[in-house]
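Take a look at the letters that make up each chain.
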Amino acid sequence: MAEIVMPQLGETVTEGTITRWMKKVGDPVLQDEVLFEVSTDKVDSEVPSSATGFLTQILVQEGETVDVGTAIAVVEAEAGATPPQPVAATPPPPPAPATPPPAPQPVVETPPPAPIAYMPPPAPVTPPPSNFRPANADPVETPASSADALLLSPVVRKLINENGLDPAEIDGTGAGGRVTRSDVLNYLDRSGPRPQRSEPAQAVITTESRKPEPAPAPPTPAPVQQSHAPAVRAGARDEIIPFDNIRRRTAEHMVRSKATSAHTLVAIEVDFEAVEKVRRDSGATFKAEEGFSLTYLPFVARAVIEAMRNYPKVNASVGDDSLIVHKDVNLSIAVDLNLEGLIAPVVHNADTKRMRGIAREIKDLADRARARQLSLDDISGGTFTITNPGPFGTFMTGPIINQPQIAILSTDGIKRKPVVVTHPDGTESIGIHSVGLLALSFDHRALDGAYASAFLAQIKKIVEEWNWAQEV
């Protein structure tokens, strides 16, 4: 028997939604034959079977969302292999009759001796009524056990545990009645603050035994409560547009990223005149040869890669009390999906490619992203992200870090404007150049401002001084 599980479709993906089963129960299945389709916030994919045999059980129905690693189907070597399972189910009953004998174990009422332990010194330790909530003193146990009984995303489970909620009391509006993050926030708004909500703060500060702490503890949950917007009711003239899977997952990831990384923004003005000159001189030839226009984006991408040779810590992730610096530069390029979401496919080993090759890959990935034809490899392994709102004429963007990376660069609008031009002999004049801003959001846990600023200044220097003609 082989269990088919929900695959990991991207590094930051925690769950997937089954959109279609390609086989029915009883159908034969070959290894690597497409078995089902799954949708995540990153990509829609056809997933092949990991085993050969007959599909004997479908555990997750179309439209249901489950966590990565969850068993979703069973493939048996033989079509008639389903009966064995009931047989496996029958052995458990025998142990049941065997359990009555342990019933006399009311002798387990050895807990009564506990009162004896309760009467001595332990009494002073127990007085705080909060002792009735030892489950919160060990938040991992009580909330986890009740929350784990239901299928909850990591974000929802964390929110439930932090607020001491019982997931069974929350009405789920997700697929199959699944409890979503919005359901939890709406429940909190309706029910108001709960006495147990101060527990997470005390549990984190393991010094809860110190009596002075209880007073400051309450303020901690307060900001958490205030950070949640009040529930909004649609008016008669309002239009309700339900979040689709991409919008929902993007929202969760953005909130998670802001909660994970110490976001800091630094920006710099860059003179793109050297790039503009190459685009004017070689743009028509480039388009004739490649079939698409030569934009500013591949120039910036190439400059980023060169700058990383001197500032490698930008191409990294935060590990367990450490910084993991990646030797390969895999550039994630944020792609707009026709104003209906974003995805960041990856130019793998971008540090081994010239500017023309990078431009080619960016165009190919963007086209396939909008046609929903990306593979798992196309969206995995990114180490640094570039987002490009510049075509919309933006002035400066503070992008949110693409986890588990530690930095993301925004290329904003580039416009013709007067600048001071310094000549080789030191004299100055006014010229009209193409100028724009580059903005870097970085994780202050991993980098200091000086390092991030020096990296950005290096990108500026390369954009302004590199011999771009040789790249085209």
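Rules used throughout
- Residues numbered from 1 in each chain as written.
- Predicted model: local features only at pLDDT ≥ 70, side-chain atom pairs only at ≥ 80, totals over all residues.
- Heavy atoms only, no water.
- Helix = DSSP H or I, 4+ residues; strand = E, 2+ residues; numbered from the N terminus.
- Contact = heavy atoms within 4.5 Å.
- Core = buried A, V, L, I, M, F, W, Y, C linked by side-chain atoms within 4.5 Å.
- Buried < 20%, exposed > 50% of the residue type's maximum accessible area, 1.4 Å probe, protein only.
- Pairing = 2+ DSSP bridges.
- Axes fitted to C-alpha atoms, helices over the stretch in contact; angles between N-to-C directions.
- Phe/Tyr/Trp six-rings, centres within 6.5 Å; stacked < 30°, edge-to-face > 60°.
- Salt bridge = Lys/Arg side-chain N within 4 Å of Asp/Glu carboxyl O.

(A) Broad picture of the overall build of the protein chain. A count of helices and strands for the protein chain gives 15 helices and 18 strands. Residue pairs in contact within the protein chain that sit at least 24 positions apart in sequence constitute 63% of those at least 6 positions apart.

(B) Here's a closer look at the nonpolar core. Residues Val304, Leu331, Phe384, Leu440, Phe455 and Ile459 are the most contacted members of the largest nonpolar core, which totals 56 residues. No other element matches helix α13 (residues 297-308), which puts nine residues into this core.

(C) Representation of unusual backbone geometry. Between glutamine 403 and proline 404 the backbone carries a cis peptide bond, its omega angle lying at 5°. Residue placement: proline 404 occurs in the loop between β16 (384-387) and β17 (407-422).

(D) Representation of the pairing of strand β2 (residues 15-21). In terms of burial, β2 is a largely internal element, five of the seven residues being buried. One ladder, built from three bridges, connects β2 with strand β7 (residues 65-67); its direction is antiparallel. Its bridge partner being in β7, glutamate 15 is matched across the sheet by aspartate 67. For β2 and strand β4 (residues 34-39), the ladder comprises four bridges, and the chain directions are antiparallel. When the sheet's bridge partners are listed, arginine 20 is paired in β4 with glutamate 37.

(E) Fine view of the sheet that holds β4. A sheet is described by the order of its strands in space; here four strands give the open sequence β5-β4-β2-β7, paired in antiparallel fashion. Looking at which strands have only one partner, the edges of the open sheet turn out to be β5 (44-48) and β7. Taken pair by pair, the neighbouring strands of this sheet meet at an average axis angle of 40°, ignoring direction. Where β4 and β5 come together, five bridges link them in antiparallel fashion.

(F) Structural view of the packing of aromatic side chains. For the coordinates displayed, the defined rule picks out eight aromatic pairs. On the basis of an interplanar angle of 80° and a centroid distance of 5.3 Å, the ring pair of phenylalanine 299 and tryptophan 468 is categorised as edge-to-face. Note that phenylalanine 299 is positioned in helix α13 and tryptophan 468 in the segment after α15 (449-465), a separation of 169 residues in sequence. The same class applies to phenylalanine 299 as to tryptophan 468, namely buried.

(G) Broad picture of the pattern of salt bridges. Considering all chains together, one arrives at 22 salt bridges under this definition. Between arginine 280 and glutamate 273 there is a salt bridge, with its nearest N and O atoms 3.6 Å apart. Note that arginine 279 and glutamate 276 form a salt bridge whose closest N and O atoms lie 2.9 Å from each other. Here arginine 279 pairs with glutamate 276, and both are found in helix α12 (residues 273-290), just three residues apart, close to one helical turn. We classify arginine 279 as partly exposed; its relative accessible area is 23%. On the accessibility criterion, glutamate 276 (13% relative accessible area) is buried. One continuous salt-bridge network, built from bridges that share partners, spans Arg302, Glu306, Arg309, Arg354 and Glu471.

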